[in-house]
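Each chain, written out:
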Amino acid sequence: VLAGPRRTRQFAAGATALLAAGVAGLLAVGLLDARYAALLVFLAYMIGYTPFATTDRTALFYGFVIDSEHILLAAVLLAAEYFGP
């Protein structure tokens with residue numbers, strides 16, 4: 001509330017990017033199993049829509065793009081399970 005919607009979206013995208021960098025770093029040094037790379041796709045998706053989550057968006061944007069982000073994660077995890085080693 002104090003920072004305003006725009007700054008809050010920027011902070012949220014930045015925090016998500018830091019989390020993605022942490023996951024990538026842990027993957028790079030072998031502290032996380034390779035299947036956790038699926039989280040990077042999910043985090044990139046979240047970073048991608050965060051700047052566009054404004055109050056003038058319709059219910060379709062929030063319902064389809066944001067609220068159904070778990071469907072993307074499920075698809076990535078299923079693909080990783082099916083096509084992975």
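Provided above is the structure to which this section pertains.
One structure accompanies this document, and this report is about it. (Residues numbered from 1 in each chain as written. Predicted model: local features only at pLDDT ≥ 70, side-chain atom pairs only at ≥ 80, totals over all residues. Heavy atoms only, no water.)

**Section: the side chain of T50**
- Within the secondary structure layout, T50 lies in the loop between helix 2 (38-49) and helix 3 (59-66).
- Here M46 takes part through its backbone oxygen, which lies 2.6 Å from a polar atom of the side chain of T50.
- Setting aside residues no more than four positions away along its own chain, T50 makes contact with R9, A12 and A13. (Helix = DSSP H or I, 4+ residues; strand = E, 2+ residues; numbered from the N terminus. Polar contact = N/O pair within 3.5 Å; in protein donor to acceptor, adjacent residues only side chain to side chain. Contact = heavy atoms within 4.5 Å.)

**Looking at helix 1 (residues 5-28)**
- With 24 residues, helix 1 extends 34 Å from end C-alpha to end C-alpha; this agrees with the ideal 34 Å at 1.5 Å per step.
- Buried residues of helix 1: R9, A13, T16, A20, V23 and L27, and no others.
- Considering only its buried residues, helix 1 is in contact with helix 2.
- Of the residues flanking the end of helix 1, it is G30, one or two places downstream, whose phi is positive at about 85°. (Expected span 1.5 Å × (residues − 1). Buried < 20%, exposed > 50% of the residue type's maximum accessible area, 1.4 Å probe, protein only.)

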